[in-house]
Amino acid sequence: MILQDTTERRFALLVWDAEGAPPPKDGWITALWRSFGEDGAPGTWSLPRLVEEQADTLRARFLAWIYELGETRIGDVRMVDHLALRPGFSYWWMTLLAEKSYGKSSRLADAVKLLALEDLIGAHSAGRLILASGDKTLAHAIRLLCLNTGLTFEWRRLRAPTEGEALVRRLYRSLPYMVRAGFSLVRYLKQRWPLRQKGRRSPQHYRGEITCIDYLIHLAPKAVSSGRYGSNYWTDLIGVLDADAVEVNWLHLYVAHQAVPSAAQARDLVARFNQNGAGVQFHACLDEVLGWSAIVGTLRDYGRVLKAGACLGRARYHFRPAGSKIDLWPLFEQDWHNSLFGATAILNCLFLNILERTLQRMPHQKLGVYLQENQGWEMAFIHSWKAAGHGHLIGMPHSTVRYWDLRYFSDPRAYLRSGNSDLPLPDQVALNGPVSMAAYREGGYPEDQMTEVEALRYLYLADFSHAQISADQPPRPLRVLVLGDYLPSVTRRQMQWLADAAPDLPAEYRYTVKPHPNCPVQASHYPQLQLKITNAPLAELLADCDVAYTSNITSAAVDAYSAGVPVVSALEGEWFNMSPLRGLEGVTYVTSPCELAETLRRTRKGVRLKAEVYFCLDKQLPRWRRLLGLSAPAPA
């Protein structure tokens, strides 16, 4: 334990949940909720820093609580069994709590910080806790912690931060959960109804005995214009399958994006993929089975979830981790209600019905490969695949496996098989390199169900040279490549830090910004920076920069690192350290604009790093060939 009880017992603890420095100490010690502060500052503890220092213990405790919550008995029946929707399949695994997604559940980091705060209180025997915050949900959770531990609680309410939420969004959030569910279903059907296939496909439409499932996004640059399927998820594997004349069924989940903004365009694009598929590819969108049968089945299942949710009212009293006095209900109340009564509930039921109807009408598939992110729909897919009697199923984490991306980790007990409402798992997980292999192994995943394959999305990195630029090059300004995130709030913070650092940096520095496709950046918003906004391929940009400045989340940081480009990552205290490079040398983390400015000033032009091996990058794909039973690569 890093904490030492050197202070007088029964003092006051100030929890500072605000920007800037806390007020001068007045007989209390301070716990910073959302910032790292100064390392080792006397009388001040940073909860984000404590979370990092005690990460293994805190992550294990949180994952254990999620598992034990599902095993909780309500009226002598386990929660997972209350939520059984099909024989052997529990809806529990589709809930937001079981999914643990940082993009859907905004309170995951707060829950882990609460565990760290409880340890801090215990180590210092505080008698009074003062919370300075504008977050009423956090205040509720900390008030319950104080009540359960006998602390006096005082809330010094600050002005809540405003995000400028649109009026329509605020009105929607004010509606009852069941009404929101109805709106969400109608909206989904309206947007994707053009994908509906008129008339039922016969089994003969599905050409092969191998099925690959992905999202209709991240298409190869010429895929839309040429009508020939190419995907940044699968890259060279598509050509390998075509060369072996392997007939493959490609099933796509449509996601609206700039290249394919409407369902009607997606339908036409898929038809062109089929026309140009050389007789060995068959493409379909999963939403083509939309129809009255799927809608009726969705409403029937939604009714079952509603009924089960009504029986689980007492689950609210089981949101306390074992051995803890924390009550996490205030943090996860919305996720609970949304999962059992709201939009998440009805859309999950729709996905289950869509997947069942798609897989039941397909002829027997010997092999399936899907993009593994452990989202709720994937749990329904795994169940539906096996219920339909199909063969070996492989999950492929297509990007990086980050330590604090909790979707990829469960309590080790969840991997044990009882045959009754177990966590749905594929038969095998194909991991793209030694870092992902180590992450799964350390997370307790069954090692006999893991295999190493080439990193399909990152094969282009094999072409990079890590040689230093010669010293006799003409002088030039430092070139900073800014890699944006897909979360708007994260990108705004990242760019604002750079703007705040600009006055302390040489005016000749050049900044090239590659935004995430779903989160554009406007140069006019940052007039103090000489910004160039581009959507050029990342390979080109990495070859022409001196340093990459990334958010705390984006996996593009690994592209830069693997290409030998020094990486500077913004580490925000409001969330976990989500960097895919966490624990690797050669990466600089900054926790403020001042640290960012100092780091960029120290950066040397043209220096390349010798990165550790992160991915398997053999372009001949020997591991994938063995896994899929394809021919061996031709001799070099």
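Located above this text is the structure these notes cover.
Residues numbered from 1 in each chain as written. Predicted model: local features only at pLDDT ≥ 70, side-chain atom pairs only at ≥ 80, totals over all residues. Heavy atoms only, no water.

Enquirer: An account of the packing of aromatic side chains is requested, with residue identities and associated values reported.
Expert: The geometry of an aromatic ring pair is captured by the separation of the ring centres together with the interplanar angle, meaning the angle of the planes. On inspection of all chains with the given rule, the structure shows 25 aromatic pairs. Here Y102 and Y486 contribute two aromatic rings whose centre-to-centre distance is 6.4 Å and whose plane-to-plane angle is 65°, an arrangement assigned as edge-to-face. Remark: Y486 occurs in the loop between β17 (479-483) and α17 (488-501) and Y102 occurs in the loop between α4 (96-99) and α5 (108-124); sequence separation between them is 384 residues. For Y102, a relative accessible area of 11% corresponds to the buried category. Ring geometry for Y458 and F615: centres 4.1 Å apart, planes at 15°, overall stacked. Remark: F615 occurs in the loop between α20 (593-602) and α21 (622-628) and Y458 occurs in the loop between β16 (450-452) and β17; sequence separation between them is 157 residues. For the pair shown, Y458 and F615 are each scored as buried. Ring pairs connect the aromatic residues F62, W65, F319, W329, F332 and W336, which therefore count as one cluster. Residue placement shows R180 over the ring face of Y172; its charged tip is 5.9 Å from the ring centre. Above the face of the Y403 ring, R582 is positioned so that its terminal group lies 4.1 Å from the ring centre. (Phe/Tyr/Trp six-rings, centres within 6.5 Å; stacked < 30°, edge-to-face > 60°. Helix = DSSP H or I, 4+ residues; strand = E, 2+ residues; numbered from the N terminus. Buried < 20%, exposed > 50% of the residue type's maximum accessible area, 1.4 Å probe, protein only. Lys NZ or Arg CZ within 6 Å of the ring centre and 35° of its normal.)

Enquirer: Lay out the pairing of strand β9 (residues 152-157) with the relevant residues and their values.
Expert: The pairing of strand β8 (residues 128-133) with β9 spans six bridges and is classified as parallel. Each bridged residue has a counterpart across the sheet, and for R128 the counterpart in β9 is T152. (Pairing = 2+ DSSP bridges.)

Enquirer: Which residues make up the sheet that holds strand β22 (residues 587-590), and what values go with them?
Expert: Here we have six strands laid out as an open sheet, ordered β19-β18-β17-β20-β21-β22, and parallel in their pairing. Since the sheet does not close on itself, it has two edges, and those belong to β19 (531-533) and β22, each with one partner. Direction aside, the axes of adjacent strands within the sheet are offset by 25° on average. With respect to the sheet, α20 is in contact with β17, β20 (547-550), β21 (567-570) and β22, its orientation differing from that of β22 by roughly 150°. (Axes fitted to C-alpha atoms, helices over the stretch in contact; angles between N-to-C directions. Contact = heavy atoms within 4.5 Å.)

Enquirer: An account of the nonpolar core is needed here, citing residue identities and associated values.
Expert: Within the largest apolar cluster, 160 residues are counted, with the highest numbers of intra-cluster contacts made by W92, L117, L129, I142 and W234. In terms of residue count, the dominant contributor to this core is α5 (ten residues). (Core = buried A, V, L, I, M, F, W, Y, C linked by side-chain atoms within 4.5 Å.)

Enquirer: Break down helix α8 (residues 177-192) for me, citing the residues and quoting the values.
Expert: If you check α8, its first and last C-alpha atoms are 22 Å apart, about what 16 residues at 1.5 Å a residue would give, namely 22 Å. Turning to α8, its buried residues number three or more, namely R180, A181, S184, L185, Y188, L189 and R192. Summarising the axial view, the buried residues of α8 lie within an arc of 160°, below the 170-degree limit, and thus occupy one face. α8 presents F183, V186, R187 and K190 as exposed residues on the side facing more than 90 degrees away from its buried surface. (Expected span 1.5 Å × (residues − 1). Arc of directions from axis to C-beta.)

Enquirer: Can you break down the sheet that holds strand β14 (residues 392-396) residue by residue, with the values?
Expert: Strand order in the open sheet formed by seven strands is β12-β11-β10-β13-β14-β15-β16, and the pairing between neighbours is parallel. Edge positions in the sheet fall to β12 (281-285) and β16, since each has one partner strand and no second. Strand after strand, the sheet turns through a mean of 25° between neighbouring axes, direction not considered. The pairing of strand β13 (residues 367-371) with β14 spans five bridges and is classified as parallel. Directly across from L371, in β14, lies its bridge partner M396.

Enquirer: Could you give me a rundown of helix α11 (residues 263-275), with the residues and numbers involved?
Expert: Compared with an ideal rise of 1.5 Å per residue, which puts 13 residues at 18 Å, α11 spans 19 Å between its outermost C-alpha atoms and is within 8% of the ideal. When α11 is considered as a whole, its buried residues turn out to be A263, A266, L269, V270 and F273. For α11, the arc enclosing every buried residue in end-on projection is 115°, short of the 170-degree limit, so these residues lie on one face. Lining the buried residues of α11 we find α8, β10 (210-216), α9 (223-226), β11 (248-254) and β12.

Enquirer: Could you give an account of the pattern of salt bridges, naming the residues involved and the relevant values?
Expert: Pairs can form between side chains of opposite charge once their charged atoms are near each other. One pass over the full model with this rule turns up 34 salt bridges. With a shortest N-O distance of 2.9 Å, D81 and R78 are connected by a salt bridge. In this structure, the salt-bridge partner of R128 is E154, at a minimum N-O distance of 3.1 Å. Taken as a pair, R128 in strand β8 and E154 in strand β9 lie far apart in primary sequence, 26 residues in all. What emerges from the salt-bridge pattern is a single network uniting D17, E19, R34, R493, E572 and E574. (Salt bridge = Lys/Arg side-chain N within 4 Å of Asp/Glu carboxyl O.)

Geometric descriptors of this kind do not, in isolation, establish any biological role.
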